[in-house]
Amino acid sequence: MNTSVTHKLNFYQGHNPIDLIAAYGSPLYVYNEKIFRQRCRDMTNLTTYPHFKVNYAIKANTNLTLLGIAIEEGLCADVSSPGEAVAALAAGFAPSDLFFIANNISAEEMAFAMERGILLSVDSVSQLETYGKLNPGGEIALRFNGGIGGGHHENVITGGDETKFGIRAVYIPEVKALLTKYGLKLKGINHHFGSQNSKELYLEGVEELLSIARHFDSLEFIDFGGGFSIPYNKQGGEAPMDFVVLGQSLTKYMESFSKECGKPLTYIVEPGRYISAECGVLLGTVHSIKENGGNKFAGTDLGFSVLARTTLYESHHDIEVYGSPRDGEYSPTNIVGNQCESGDYIAKSRLLPPLSEGDILGILDAGAYGYSMSSQYNHRPRPAEVLIREDGSLQLIRRRDTYEDMLINML
Ligand code: LLP
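Only a predicted model underlies this, so the values are computations on that prediction, with no experimental measurement involved. (Residues numbered from 1 in each chain as written. Predicted model: local features only at pLDDT ≥ 70, side-chain atom pairs only at ≥ 80, totals over all residues. Heavy atoms only, no water.)

I keep staring at the packing of helix H2 (residues 33–44) against helix H3 (residues 64–72) and nothing clicks. Help me out?
Axes are the key here: two packed helices are described by the angle between their axes and the distance separating the axes. Contact geometry of H2 with H3 gives a least axis separation of 10 Å together with a crossing angle of 45°. Between H2 and H3, the angle is such that the two are oblique. For H2 against H3, the interelement crossing comes out right-handed. Taking contact as the criterion, the partners of Glu 33, Phe 36, Arg 37 and Cys 40 in H2 are, on H3, Leu 66, Ile 69, Ala 70 and Glu 72. Taken together, the residues that form the contact of H2 with H3 break down as five nonpolar, no polar and three charged. (Axes fitted to C-alpha atoms, helices over the stretch in contact; angles between N-to-C directions. Helix = DSSP H or I, 4+ residues; strand = E, 2+ residues; numbered from the N terminus. Parallel < 35°, antiparallel > 145°, perpendicular 65-115°, else oblique. Left-handed = near helix turned anticlockwise from the far one by under 90°. Contact = heavy atoms within 4.5 Å. Nonpolar A, V, L, I, M, F, W, Y, C, P; charged D, E, K, R; others polar.)

This is the structure in structure tokens:
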């Protein structure tokens, strides 16, 4: 497979990635507003069912400017921590537009959500008891784990017996007893079993959650979770999920379940990466070329402190090389970073044209779980983020950390 050096240039709307690096420094996250908005619209138009909400899982990318655009596009948000709630509120989401999907949180964190009027979902019988003691007579939601799990790596599967998430259906009697004991109103149920590209598996999950919903009369909403992946290996021919067919099937499930319940329930989906992955490219610079025992290494400033997914989950990201077309055979090349760890790689044995020091690489589809999972390991500053606006203008939406930033909290 030939790694095209040009097909993604549309992404930059006339800007040259090499100039972007010169202007904002390397490495650099670059986002495209048009693509972000289009992905929001793909989701809000998923179904014709009228009581439908798209809760953007902001853990994928919490940049306040992007969150502001999501609000303009009519999205609500799923938050998983008080910090994410603070970011969502700062971006302008109303508390009633937020759903705090918690896992193993403290009573203080529960109180944080209650005080701000953010509905909380807890995912164990033990957390339900803690909440009941804290807020008798209150409203709550529950995350169930129907048994299905999905995802491209075991560390991203969030359903089934091997994961820590959700309440298994066998605990429904205990759940009901606690709801009664504390006079809690169960407003909704949710699940999220992991992200993958099979609409059949997603719909299996929908059926599983609806069968759990049949145990509860008080529900106002059912949240089918996230799980819409994107084709990360487009250069290898990977295709996106068929959202037209998925949307039609979802509409049928939602209409018929509401009819069965005799009330117009609200249904929610929680895309994270689908909204923000494809609008983002991570740019970086090659600083070193070497061979160790026949293995080629291109050493870059794209360490796992900048993009952790490849190291953590062996995730695939397509790569582009920018600059003038070059002569020479494509050959398997390891793209590695600058952290002091041997697991620090962006791609293994990727077929790439000859690279040299100073080359600029684009790591594609890096807008989700890219910056949001970055760190300051090795005291490397996290990169800046730049947005290409719809009209083609550039906006710096997060500045690069300074070395002083990294010292500031130490007393
Ligand atoms: N809803 C809940 C409750 C979640 O926990 C997640 C993601 C989502 C929705 C959105 O899932 P998405 O559609 O974005 O996959 N860092 C990993 C992914 C971890 C996902 C955690 N939960 C990665 O880079 O692949």
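Resuming the write-up.
Quick question: what am I supposed to make of the sheet that holds strand S6 (residues 139–143) here?
Sheet strands line up and pair through hydrogen bonds in the backbone, either parallel or antiparallel. Around the barrel, which closes on itself, the eight strands sit in the order S2-S3-S4-S5-S6-S7-S8-S9 with parallel pairing between neighbours. Going across the sheet, the axis of each strand differs from the next one's by a mean of 30°, ignoring polarity. By the bridge criterion, five bridges tie S6 to strand S7 (residues 185–190) in an arrangement that is parallel. Bridge assignment links Ala 141 to a residue of S7, and that residue is Gly 188. (Pairing = 2+ DSSP bridges.)

Where do I start with unusual backbone geometry in this structure?
The phi angle of most residues is negative, glycine excepted, and most peptide bonds adopt the trans form. Of the consecutive residues Ser 26 and Pro 27, the connecting peptide bond is found in the cis state with omega at -5°. Along the chain, the position of Pro 27 falls in the loop between helix H1 (17–24) and strand S1 (28–32). One non-glycine residue, Asp 365, adopts positive backbone phi at about 55°. Tracing the backbone through its elements, the reader meets Asp 365 in the loop between strand S15 (360–363) and strand S16 (384–388). Classification of Asp 365 as buried rests on a relative accessible area of 1%. (Buried < 20%, exposed > 50% of the residue type's maximum accessible area, 1.4 Å probe, protein only.)

Explanation requested: the layout of surface pockets in the structure shown.
Rolled over the atoms, a probe sized like a water molecule indicates the empty space that remains. Size it by volume and the largest pocket reaches roughly 690 Å³. As for the largest pocket, its lining consists of 29 residues, and the residues nearest its centre are Lys 59, Thr 158, Phe 165, His 192 and Tyr 369. Empty space within the second largest pocket amounts to approximately 330 Å³. If you go around the second largest pocket, you meet 21 residues; those closest to its centre are Ser 96, Leu 98, Ile 118, Leu 119 and Lys 187. Going through the elements one at a time, strand S2 (52–57), strand S4 (98–101), helix H5 (107–115), strand S5 (119–122) and strand S9 (266–269) are the ones with two or more residues in the lining of the second largest pocket. Tallied by class, residues from the lining of the second largest pocket come to eleven nonpolar, five polar and five charged. (1 Å grid on protein atoms, 1.4 Å probe; cavity = no way out; pocket = protein on both sides within 12 Å on 5 of 7 lines; lining within 4 Å. Points joined across faces, edges and corners; volume = space filled by probe spheres on them.)

Teacher, can you tell me more about the packing of aromatic side chains here?
Both the distance between ring centres and the angle between the ring planes are used here to describe each pair of aromatic rings. A full pass over the atoms with the stated rule returns 13 aromatic pairs. Taken together, a centroid distance of 6.3 Å and an interplanar angle of 85° make the contact between Phe 36 and Tyr 56 edge-to-face. Of this pair, Phe 36 sits in helix H2 while Tyr 56 sits in strand S2, and the two are 20 residues apart along the sequence. Using a relative accessible area of 0% as the deciding quantity, one classes Phe 36 as buried. Since its relative accessible area comes to 0%, Tyr 56 is described here as buried. Judged by centre distance (5.7 Å) and plane angle (15°), the ring pair of Phe 304 and Tyr 377 falls under stacked. Pair noted here: Phe 304 is in the loop between strand S11 (295–300) and helix H11 (309–313) and Tyr 377 is in the loop between S15 and S16, with a separation of 73 residues, a long-range link. Taking the relative accessible area as the measure of exposure, Tyr 377 reaches 33% and is therefore partly exposed. Members of the aromatic cluster, each reached through a chain of ring pairs, are Tyr 202, Phe 228, Phe 243 and Tyr 274. (Phe/Tyr/Trp six-rings, centres within 6.5 Å; stacked < 30°, edge-to-face > 60°.)

Explain the pairing of strand S12 (residues 319–322) here, please?
A regular strand places its side chains on the two faces of the sheet in alternate fashion. Side-chain alternation along S12 places Ile 319 and Val 321 on one buried face and Glu 320 and Tyr 322 on a second face that is also buried. Where S12 meets S15, four bridges bridge the pair, whose relative direction is antiparallel. Residue pairing in the sheet places Val 321 in a bridge with Leu 361 of S15.

How do you make sense of the packing of H3 against helix H4 (residues 82–91) when you look at a structure like this?
It is the contact of H3 with H4, at a shortest axis distance of 9 Å, that shows an interaxial angle of 65°. As H3 packs across H4, the resulting crossing turns out to be right-handed. Note on element contacts: H4 touches H3 through Ala 87, Ala 88, Ala 90 and Ala 91, opposite Leu 64, Leu 67, Gly 68 and Ile 71. Looking at side-chain class alone, the contact of H3 with H4 contains seven nonpolar, one polar and no charged residues.

Please explain helix H7 (residues 172–181) as it appears in this structure.
Along an α-helix, residues three or four positions apart point the same way, because every turn accommodates 3.6 residues. Burial in H7 covers these residues: Ile 172, Val 175, Leu 178 and Leu 179. Each buried residue of H7 sits inside an arc of 125° when the element is viewed along its axis, so together they form one side. Residues of H7 that are exposed and angled more than 90 degrees away from the buried face: Pro 173, Thr 180 and Lys 181. As for H7, its buried residues are in contact with helix H6 (125–134), S6, S7 and helix H8 (199–213). (Arc of directions from axis to C-beta.)

Coordinates in, geometry out; function isn't part of it.
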